[in-house]
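Here is how the chains run, residue by residue.
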Amino acid sequence: MTENETEPLPSVGDEVVEGQARAVVTDVRGGVVWLRPRTGGGTEWPAENPRRLKIRRTRAEMIAAGDL
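Owing to the predicted nature of the structure, the values given are computational and were not obtained by experimental measurement.

Here we look at the nonpolar core
Now for step 1: Core analysis: the biggest nonpolar cluster contains seven residues, these being Val16, Ala23, Val25, Val33, Leu35, Ala47 and Leu53.
Now for step 2: Mapped onto this core, the elements with two or more residues apiece are β2 (21-29) and β3 (32-37).
Now for step 3: Setting aside anything within four residues of it in sequence, one finds valine 16 in contact with Pro10, Ala21, Arg22, Ala23, Val25, Leu35, Leu53, Lys54, Ile55 and Arg56.

What to know about the pattern of salt bridges
Now for step 1: For the coordinates displayed, the defined rule picks out seven salt bridges.
Now for step 2: Residues glutamate 15 and arginine 56 are paired through a salt bridge, measuring 3.1 Å at the closest nitrogen-oxygen approach. Placement of glutamate 15 in strand β1 (residues 15-18) and of arginine 56 in strand β5 (residues 54-57) is noted, with a sequence separation of 41 residues between them.
Now for step 3: By relative accessible area, which is 41% here, arginine 56 ends up partly exposed.
Now for step 4: Of the charged contacts, one joins glutamate 44 and arginine 29 as a salt bridge, the two residues approaching to 3.2 Å between their closest N and O atoms. You can see glutamate 44 sitting in the loop between β3 and β4 (45-46) and its partner arginine 29 sitting in strand β2, a full 15 residues away along the chain.
Now for step 5: According to the relative accessible area criterion, arginine 29 is partly exposed, its value standing at 38%.

Focus: the layout of surface pockets
Now for step 1: Reported here for the largest pocket is a volume of approximately 170 Å³.
Now for step 2: Looking at the largest pocket, the residues that line it are Gly13, Glu15, Val24, Arg36, Arg38, Arg57, Arg59, Met62, Asp67 and Leu68.
Now for step 3: The residue makeup of the lining of the largest pocket, split by class, is three nonpolar, one polar and six charged.

Focus on the environment of arginine 57
Now for step 1: Along the chain, arginine 57 falls in strand β5.
Now for step 2: Those residues in contact with arginine 57, other than ones at most four positions away along the chain, are Asp14, Glu15, Met62 and Asp67.
Now for step 3: In this structure the side chain of arginine 57 is engaged in a polar contact, spanning 2.5 Å, whose partner is the side chain of aspartate 67.

As for the pairing of β1
Now for step 1: Alignment of β1 against β2, held across four bridges, turns out to be antiparallel. Following the sheet pairing, glutamate 18 is matched in β2 by alanine 21.
Now for step 2: Hairpin geometry of β1 and β2 is characterised by an intervening segment of two residues between the two adjacent antiparallel strands and by a positive phi of about 65° at glycine 19.

Thresholds, definitions, all that
Position numbers for residues start from 1 in each chain and track the written sequence from start to end. This being a predicted model, a pLDDT of at least 70 is required before a residue's local features are given, and a value of 80 or more before pairs of side-chain atoms are given or counted; all residues contribute to the totals for chains, interfaces and linings. Calculated side-chain values reflect all of the structure's heavy atoms, with hydrogen atoms and water omitted. Take the buried Ala, Val, Leu, Ile, Met, Phe, Trp, Tyr and Cys residues and link them wherever side-chain atoms come within 4.5 Å; each set so joined is a nonpolar core. Partly exposed residues are those whose accessible area sits between 20% and 50% of the maximum for their type, while under 20% is buried and over 50% is exposed, using a 1.4 Å probe and protein chains only. Think of it this way: any DSSP run of H or I at least four residues long counts as a helix, any run of E at least two long counts as a strand, and we number them from the N terminus. Here, two residues are considered to be in contact whenever any of their heavy atoms come within 4.5 Å of each other. Salt bridges are identified by distance alone: a Lys or Arg side-chain nitrogen within 4 Å of an Asp or Glu carboxyl oxygen. Space inside and on the surface of the protein is sampled on a 1 Å grid over the protein atoms alone, with a cavity defined as a set of points where a 1.4 Å probe fits but cannot get out and a pocket as an open set with protein on both sides within 12 Å along at least 5 of 7 lines; lining residues have an atom within 4 Å of a point. Grid points are joined across faces, edges and corners, and a volume is the space filled by probe spheres set on the points. Only Asp, Glu, Lys and Arg are considered charged, only Ala, Val, Leu, Ile, Met, Phe, Trp, Tyr, Cys and Pro nonpolar, and every remaining residue, Gly among them, polar. Contacts described as polar in this section are N or O atom pairs within 3.5 Å, which, within protein, must combine one atom able to donate a hydrogen with one able to accept it, while residues neighboring in sequence count only if both atoms come from side chains. Only strands that DSSP links by at least two bridges are regarded as paired with each other.

Set out below in structure tokens:
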């Protein structure tokens, strides 16, 4: 088991890093995590491997910081 398998999957609204891309989780459908560019708008895409996503900030953290 890798260390990422023990970490929770990101939730809707969380800011994540997938490879070099920063993105926001928009939905989780049928176990598939969907992402969109952090800057808003743009095309959604399914995360290649949700267990490899690194949570940069949770939605709750962004709200507490006044960023949402």
